[in-house]
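Tertiary structure, described
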Amino acid sequence: GIAPLYLAMFLARDPMFGIIMGIPTAFLGCLWIAPGSSLVQQLAGPNSRATAGALFGLAVNLIGMGLGPLMVGVISDLLKPQFGSESLKYALCSVLIFLLYGLVHFALALRTVREDLVTASRIPVARIA
């Protein structure tokens, strides 16, 4: 997974090494978005693709870009007495557990995705009068 790259980036002692590690990390960290969005559209069926896409985008943005930074800040504040100015680094490392959580759920979903796609392709399209 990508977690070792994130750890190398967050724990780098040399700032230039951290920046360099950020390049593949940023690239690889975004690779799931296009196939994930495509899969949501294919599984939703023609009559509910817009709603499914909107809900997917809402969830990704609210949780990933809304709750994620808030959690990092709260954890950093909680770690500050123990780690001082290093607390943000360790807070960022601590939320990497959610990568494992996501990986487990993607693996579980992958077990049935073929059958789900076949089922979704049989959904009838509403006729427009």
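The preceding data block contains the structure.
1. Section: the overall build of the chain
Helix and strand content of the chain: seven helices and zero strands. Its helices and strands in sequence order give the chain the pattern α-α-α-α-α-α-α, from N to C terminus. When burial is assessed residue by residue, the chain has 15% of its 129 residues classed as buried. In the chain, the share of contacts with a sequence separation of at least 24, taken over all contacts with a separation of at least 6, comes to 47%. Carbon and sulfur atoms make up 72% of the accessible area of the chain, which totals about 9500 Å².

2. What about the side chain of Ser 76?
Mapped onto the elements, Ser 76 comes out in helix H4 (residues 49–83). Excluding anything up to four places from it in sequence, Ser 76 contacts Ser 87, Leu 88 and Ala 91.

3. Focus: the packing of helix H1 (residues 3–10) against helix H2 (residues 15–29)
As a packed pair, H1 and H2 sit with axes 8 Å apart at the nearest point and diverge in direction by 155 degrees. When the interaxial angle is binned, H1 and H2 end up roughly antiparallel. The crossing of H1 and H2 is left-handed. Along its contact with H1, which presents Leu 5, Tyr 6, Ala 8 and Met 9, the element H2 presents Phe 17, Gly 18, Met 21, Gly 22, Thr 25, Leu 28 and Gly 29. Its residues placed into classes, the contact of H1 with H2 shows seven nonpolar, four polar and no charged.

What counts, and at which threshold
Residues numbered from 1 in each chain as written. Predicted model: local features only at pLDDT ≥ 70, side-chain atom pairs only at ≥ 80, totals over all residues. Heavy atoms only, no water. Helix = DSSP H or I, 4+ residues; strand = E, 2+ residues; numbered from the N terminus. Buried < 20%, exposed > 50% of the residue type's maximum accessible area, 1.4 Å probe, protein only. Contact = heavy atoms within 4.5 Å. Areas by Shrake-Rupley, 256 points an atom, 1.4 Å probe, with all protein chains shown as cover. Axes fitted to C-alpha atoms, helices over the stretch in contact; angles between N-to-C directions. Parallel < 35°, antiparallel > 145°, perpendicular 65-115°, else oblique. Left-handed = near helix turned anticlockwise from the far one by under 90°. Nonpolar A, V, L, I, M, F, W, Y, C, P; charged D, E, K, R; others polar.

The quantities given are spatial measurements derived from coordinates; they are silent on function.
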